[in-house]
Amino acid sequence: MAKNLLIVESPAKAKTIEKILGEDFEVKSCYGHIRDLAKEDMGIDIKNHYKPSYIIPEDKKKVVKDLKAFAKQSGEVWLATDEDREGEAISWHLCEVLGLDPKTTKRIVFHEITKPAIQAAVDKPRTVDMHLVDAQQARRILDRIVGFELSPVLWRKMSMKNNLSAGRVQSVAVRIIAEREREINAFTPVSTFRIEALFTAKDISGKNVTFPAEGKKFSSAENAEEFLQTCIGANYSVNDIQVKPAKKSPAAPFTTSTLQQEASRKLGYSVSRTMLLAQKLYESGNITYMRTDSVNLSETAKEEIKNQINRQFGENYYQPRNYKNKNESAQEAHEAIRPTYMENTTVDNADWRRLYELIWKRTIACQMADAELEKTTAKIRISSNNEELTATGEVMKFDGFLKAYREDRDDDDMMEDEQQEGMLPPLVAGQQLPLKEMKATEKFTRPLPRYTEASLVKKLEELGIGRPSTYAPTISTIQKRGYVEKRDKEGIKRDFRILLLKDDVVSKLSDQETTGAEKSKLFPTDLGLVVTDFLKQYFDDIMDYNFTARIEEEFDEVAAGKLKWSSMIDEFYIPFKKDVENTIENAERISGERDLGIDPVSGKKVIARMGRYGPMVQIGDTSNTEDKARFAKLKNTQSIETINFDEAMELFKLPRILGQFEGSDASVNIGRFGPYIAHDKKFYSLGKEFDPYTISLEEAMPIIVEKREAKEQRTIKVFEKEKIQLLRGPYGPYIKQGLRNYKIPKEKQETAVDLSLEEVKAIIEDVKANPPKKVPRKKKS
DNA sequence: CAGTGAGCGAGCTTCCGCTTGACTT
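Residues numbered from 1 in each chain as written. Chains lettered and ligands numbered in written order. Predicted model: local features only at pLDDT ≥ 70, side-chain atom pairs only at ≥ 80, totals over all residues. Heavy atoms only, no water.

1. Details of the overall build of chain A
Counting secondary structure elements, chain A contains 21 helices and 30 strands. Each principal axis of the C-alpha atoms in chain A carries an extent, and together these give about 95 × 85 × 65 Å. Counting over 781 residues, chain A shows a buried share of 46%. As presented, chain A carries roughly 42,300 Å² of accessible surface, and 49% of it is formed by carbon and sulfur atoms. Positive and negative side-chain charges in chain A, numbering 126 and 126 respectively, have mean positions lying 4 Å apart. (Helix = DSSP H or I, 4+ residues; strand = E, 2+ residues; numbered from the N terminus. Buried < 20%, exposed > 50% of the residue type's maximum accessible area, 1.4 Å probe, protein only. Areas by Shrake-Rupley, 256 points an atom, 1.4 Å probe, with all protein chains shown as cover. Lys, Arg positive; Asp, Glu negative; His and termini not counted. Charge placed at Lys NZ, Arg CZ, Asp CG, Glu CD.)

2. Remarks on the protein's contact with DNA strand B
Not every one of the 60 residues close to DNA strand B is listed here, only the nearest: S10, Y289, Y613, Y676 and N741. The sugar-phosphate share of atoms of DNA strand B within 4 Å of the protein amounts to 52%. At 3.0 Å from a phosphate oxygen of DNA strand B is found a side-chain nitrogen or oxygen belonging to T470. Here a phosphate oxygen of DNA strand B and a side-chain polar atom of R481 are 3.3 Å apart. Considering each element in turn, the surface near DNA strand B owes the most residues, 9 residues, to helix 5 (residues 130–157). (Near = heavy atom within 4 Å. Polar contact = N/O pair within 3.5 Å; in protein donor to acceptor, adjacent residues only side chain to side chain.)

3. Describing the nonpolar core
Grouped together as the largest cluster of nonpolar side chains are 148 residues, with contacts concentrated most on I145, L355 and V617. Tallying contributions element by element places helix 5 first for this core, with 10 residues. Contacts of L355, omitting those with residues within four sequence positions, involve L259, A263, L267, Y269, T274, L277, A278 and L281. By size, the runner-up hydrophobic cluster in this structure holds 29 residues, among which are I195, A224, A378 and L424. (Core = buried A, V, L, I, M, F, W, Y, C linked by side-chain atoms within 4.5 Å. Contact = heavy atoms within 4.5 Å.)

4. Some details on unusual backbone geometry
Positive phi values are uncommon outside glycine, yet D41 reaches one of about 50°. Within the element layout of this structure, D41 appears in the loop between strand 3 (36–37) and strand 4 (44–45). By relative accessible area, D41 is classed as exposed at 68%.

5. Some thoughts on a negative patch on the surface
Together, E328, E553, D556 and E557 make up a negatively charged patch on the protein surface. With respect to the helices, strands and loops of the structure, E328 is situated in the loop between helix 10 (299–312) and helix 11 (350–365). (Patch = residues over 30% accessible without salt bridge, like charges linked within 9 Å, V, L, I, M, F, W, Y side chains within 5 Å. Salt bridge = Lys/Arg side-chain N within 4 Å of Asp/Glu carboxyl O.)

6. Some thoughts on the pairing of strand 1 (residues 4–8)
Burial analysis of strand 1 places 5 of its 5 residues in the buried class, the great majority of the element. Covered by surrounding structure in strand 1 are N4, L6 and V8 together with L5 and I7, the residues of both alternating faces. As judged from the 5 bridges shared by strand 1 and strand 2 (residues 25–29), these two strands associate in the parallel manner. Pairing of L6 across the sheet is with V27, part of strand 2. Remark: the strand 1/helix 1 (residues 11–21)/strand 2 crossover connection has right-handed handedness. Strand direction decides the pairing type here: strand 1 and strand 7 (residues 77–79), joined by 3 bridges, are parallel. Bridged to L5 within strand 7 is V77. (Pairing = 2+ DSSP bridges. Right-handed = clockwise from strand over helix to strand, strands pointing away.)

7. Considering the environment of I195
Here I195 is to be found in strand 9 (residues 191–202). Each C-alpha atom, one on I195 and one on M290, is 48 Å from the other, the two residues being 95 residues apart in sequence. Filtering out sequence-adjacent residues up to four positions away, I195 remains in contact with A213, E214, G215, K216, F218, F227, L228, L389, M438, K439 and A440.

8. Some thoughts on the packing of aromatic side chains
Tallied over the entire structure, the rule returns 14 aromatic pairs. When the ring of F539 is compared with that of F576, the centres are 5.9 Å apart and the planes differ by 50°; the resulting orientation is tilted. Of the two residues, F539 sits in the loop between helix 14 (526–538) and helix 15 (540–543) while F576 sits in helix 17 (residues 565–586), which places them 37 residues apart along the sequence. With respect to burial, F539 and F576 carry one shared label: buried. (Phe/Tyr/Trp six-rings, centres within 6.5 Å; stacked < 30°, edge-to-face > 60°.)

9. Focus: the sheet that holds strand 25 (residues 674–679)
Spatially, 4 strands are ordered 23-24-25-26 in an open sheet, and the strand pairing comes out antiparallel. The open sheet has two free edges, formed respectively by strand 23 (656–661) and strand 26 (682–685), since each of these has just one partner strand. For this sheet, the mean inter-axis angle between neighbouring strands, taken without regard to orientation, is 30°. When strand 25 meets strand 26, the two strands line up antiparallel, connected through 4 bridges. In the strand pairing of strand 26, A678 is matched with F683. (Axes fitted to C-alpha atoms, helices over the stretch in contact; angles between N-to-C directions.)

10. Considering the side chain of E335
Counting through the fold element by element, E335 comes out in the loop between helix 10 and helix 11. At a separation of 2.8 Å, a polar atom in the side chain of E335 contacts the side chain of R338.

11. Concerning helix 6 (residues 170–186)
The end-to-end C-alpha distance of helix 6, which contains 17 residues, comes to 25 Å, matching closely the 24 Å that a straight helix rising 1.5 Å per residue would cover. In terms of burial, helix 6 is largely enclosed, as 12 of its 17 residues are buried. Every buried residue of helix 6 is accounted for by Q170, S171, V172, A173, V174, R175, I176, I177, A178, R180, E181 and I184. Those residues of helix 6 hidden inside the fold are in contact with helix 12 (453–463), helix 13 (471–480), strand 15 (484–489), strand 18 (518–524), helix 14 and helix 15. (Expected span 1.5 Å × (residues − 1).)

12. Digging into the packing of helix 2 (residues 61–73) against helix 3 (residues 85–98)
Interhelical geometry of helix 2 versus helix 3 gives an angle of 70° and a closest axis separation of 10 Å. As the angle between them shows, helix 2 and helix 3 are arranged roughly perpendicular. For the pair helix 2 and helix 3, the sense of crossing is right-handed. Packed against helix 2, whose contacting residues are V64, L67 and K68, the element helix 3 presents L94, V97 and L98 at the interface. Here the contact of helix 2 with helix 3 is composed, by residue class, of 5 nonpolar, no polar and 1 charged. (Parallel < 35°, antiparallel > 145°, perpendicular 65-115°, else oblique. Left-handed = near helix turned anticlockwise from the far one by under 90°. Nonpolar A, V, L, I, M, F, W, Y, C, P; charged D, E, K, R; others polar.)

13. Quick look at the sheet that holds strand 7
Strands sit in the order 2-1-7-8 across an open sheet of 4 strands; the sheet is parallel. Two strands in the sheet have a free side with no partner beyond their single neighbour: strand 2 and strand 8 (106–107). Sheet strands touched by helix 1: strand 1 and strand 2. Its angle to strand 2, the strand with the most contacts, is close to 170°.

14. Comments concerning the pattern of salt bridges
Close approach of charged atoms lets side chains of opposite charge pair. A complete count under the given rule lists 43 salt bridges for this structure. Between E179 and R175 there is a salt bridge whose closest N-O contact spans 2.8 Å. Taken as a pair, E179 and R175 lie in helix 6 at a separation of 4 residues, close to a single helical turn. The exposure class assigned to E179 is partly exposed, which follows from its relative accessible area of 22%. With relative accessibility at 14%, the residue R175 sits in the buried group. For E518, the salt bridge goes to R450, with nearest N and O atoms at 3.2 Å.

15. Notes on helix 13
Within helix 13 the residues assigned to the buried category are Y471, A472, T474, I475, T477 and I478. Here the buried face of helix 13 lies against helix 6, helix 8 (256–267), helix 9 (271–283), helix 12 and strand 15. Following helix 13 by one or two positions, G482 adopts a phi angle in the positive range, close to 80°.

16. Looking at the confidence of the model for chain A
Taken residue by residue, chain A gives an average pLDDT of 90. The fraction at 70 or more is 95%. Confidence over residues 773–781 falls short of pLDDT 50; this stretch has 6 contacts with residues more than four positions distant or in other chains. (pLDDT = per-residue confidence, 0-100.)

Encoded structure:
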């Protein structure tokens, strides 16, 4: 009898399951969705109750063809796609494409790839849940409508109109970044003076040690100074000691989002790097599936973790735990991310190792005992006034899970009192403490930090926006569209005051600190800010942080069979379409214009705004055709919102003529590709180490000479008449004719110097006849 | 490749969520 065919989504999963199921089943994968909405007319027939028109995307044709062939020669087809909305829809699409009846075709689900789980699933097949499929179709159609109606609005209203896009997920992601930036810009730091005293006492071994104690916070230097004055000549004694036990518990095992966060904090990985490495670990069988929102572990996994803990750390380190998802939008089709075999504490591959070990440690720790601490708080009395100082210390009694793993925190989650405490020497009530010194140091309040890729993912997950499979792509989309940039920011130096009481004298000191420095953080661009404002003004419901959560509730109703999906879409679409039409009709073009002042030379207005080629400053009016307006591009660290008049006027100092070199003018300017020197009708890029506003002719001359030489070296041969050049590029020698480049076949690259004109022409013809396959830069359907 | 910033209007872009390779002008 022919084998049954079982279809899953992931090919790596297919291999594992085939081994588990054995003889009776052949297991194939469909590589995710096999159909999608057509692009023409949005793929939706609005007038016909939003009837979707599905097509098989180009890159899925082969998969579908192969599945059809397998289905034909198999006994029964079983659908084992993931147990969530998307997985259910994939099963239904498979029915449609393979000609199966969804009412009778066997549909099975499991959350973990273990023999008992899969066997149990096979024993109890069900059929496709059409309500759940409808919920997915509603989700898909709503997203298509939002994306394909909103994006064209931007194309019409923005002066910069290349590839702009808007969508339910990405536009809110940009909004989060934009609002944080404005909070930071609007932030005014407030300073306080916190008292810190240093005392000495003997530790257990009788050695003198120094420990800190904290006092009151003062809002002004004067008050702090007054206080320090009152302490002159005072005695200090231990007033009261309290010892309290404390506990720390391990974090839940990894989901996609928490893995991305920890890999970012501990290893400095971008979310896409984390996902790439996790994919490799998954494909090589080292970890479970890496796109999951579940913190659940299979029973067999827990058993393995237990054994490993007992073996490696001892039984007192083991504590069984179950974790529950906080997030309501979790769909939990898979397990948490964990090693497939706990006895493998590491992997051979050096690239994957750090991520693997992170996953291993987190997994082992999640079934380990609490860490037990002892917190000591000592109150210290000051004889000369009524204030008290507090010294706190922490001693670890049992390390528990911390032996394996400690989770890092984001800056914005860190509570002040959560910082690592040191140990206190043994103290007794009434003990006199000699004061070493007492300080009041000025501390400034800080705004919330800018988002990292990973902390943005965390925020999106909290809002229920996006799914594990889309976090990384969303982050890259908003950067690719130019709404958001990942970059560093240099901090600025700031003075702070210190009042020091030492040897019964109060002195005033000052020091410097750097503030506001950021590394690899997400900054909104002017484009991102302007587009966000526009969308918020005209589509406030879609930009609402709760929009996704609200429609998810409705999708749930559809899934429960309580609401018809087309009615749900109707309710959304009718007012939305009105908003779109109103916006196209009435909204002004988006410019983000901001007045900066009046140019004292011409008496004309100076403004900052979005132009066709990005943010710029402008003197004068574009409507005045006789007296033309002047323009200058903003530097990429500047922003329309924050640039001031002086900075704007500085930008008009380019182009600058540096002087004569080899008989012609050398000038410097900033172009599309950054700063450059123009000389004798040729252009030479300026490296980062040069400032186009200050560079001198003397500095520019060697650049011209060097770059000219480098260009000559790049040239292997020139056929003047035919305008063909043989050049050396980063990938080896190549042919250039006009604007087009042609690859030289591998076997001829070594001897490229000897190529004759005829041979070169032959290569060009050959490449033209067999054009190399283009890498699809964007997803094609 | 190194300019432009207005308007006209070909023809094009665009969404989110499932999955992996193919691909280095």
